[in-house]
Structures are given as structure tokens and as C-alpha cells.
Amino acid sequence: MTDDFWNLFLSTGSVQDYLKYKDNEKAENDGDSYKGFSNQRADSGGE
């Protein structure tokens, strides 16, 4: 979906189309912001 917004921006050069692309890109990435952190533990502190 993000590619569709990017291609639209490339064809029009419109700032509005670029902003739509950026908004969509952010919406797609919001769910992934903490991905991969659940399996990391704190350092043992020198034990």
C-alpha cells in the first residue's frame, strides 16, 4: 500500500501526495516499534 502512495507522489510531485505517503508509512510502522524487545533480558550485573 505504501508503494501506491509513493508512486502517486512520484507521478504528481505534489506535497499533499508526499504527506499522504508519510502518514501511511508511519501508520504501517507504529505496530512494529517494540518488535523484538520481548525476548531481551537485563544484563546479569557481573554475576
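Just above, that's the structure.
Okay, so let's go over this structure. (Residues numbered from 1 in each chain as written. Predicted model: local features only at pLDDT ≥ 70, side-chain atom pairs only at ≥ 80, totals over all residues. Heavy atoms only, no water.)

Brief notes about the overall build of the protein chain
- For the protein chain, the helix and strand inventory stands at 2 helices and 0 strands.
- Burial analysis of the protein chain (47 residues in total) assigns 11% to the buried set.
- In the structure as shown, the protein chain presents an accessible area of about 4,300 Å², 50% of it carried by carbon and sulfur atoms. (Helix = DSSP H or I, 4+ residues; strand = E, 2+ residues; numbered from the N terminus. Buried < 20%, exposed > 50% of the residue type's maximum accessible area, 1.4 Å probe, protein only. Areas by Shrake-Rupley, 256 points an atom, 1.4 Å probe, with all protein chains shown as cover.)

What to know about the pattern of salt bridges
- This model, assessed by the stated rule, comprises 1 salt bridge.
- Note that Glu-25 and Lys-22 form a salt bridge whose closest N and O atoms lie 2.8 Å from each other. Here Lys-22 and Glu-25 lie together in helix H2 (residues 15-29), a separation of 3 residues that amounts to about one turn.
- Taking relative accessible area as the criterion, Glu-25 reaches 24% and is therefore assigned partly exposed. (Salt bridge = Lys/Arg side-chain N within 4 Å of Asp/Glu carboxyl O.)

Considerations on the side chain of Asn-24
- Mapped onto the secondary structure, Asn-24 falls in helix H2.
- Setting aside chain neighbours within four positions, we find Asn-24 in contact with Met-1, Thr-2 and Phe-5. (Contact = heavy atoms within 4.5 Å.)

Considerations on the environment of Ser-14
- Mapped onto the secondary structure, Ser-14 falls in the loop between helix H1 (2-12) and H2.
- At a separation of 3.2 Å, a polar atom in the side chain of Ser-14 contacts the main-chain amide nitrogen of Gln-16. (Polar contact = N/O pair within 3.5 Å; in protein donor to acceptor, adjacent residues only side chain to side chain.)

Focus on a nonpolar patch on the surface
- Taken together, the side chains of Trp-6, Leu-10, Val-15, Tyr-18 and Leu-19 present a nonpolar region at the surface, about 470 Å² in accessible area.
- Counting only elements with at least two residues in the nonpolar patch, the list comes to H1 and H2.
- Element by element, the count of residues in the nonpolar patch is highest for H2, at 3 residues.
- Mapping Leu-10 onto the fold places it in helix H1. (Patch = residues over 30% accessible without salt bridge, like charges linked within 9 Å, V, L, I, M, F, W, Y side chains within 5 Å.)

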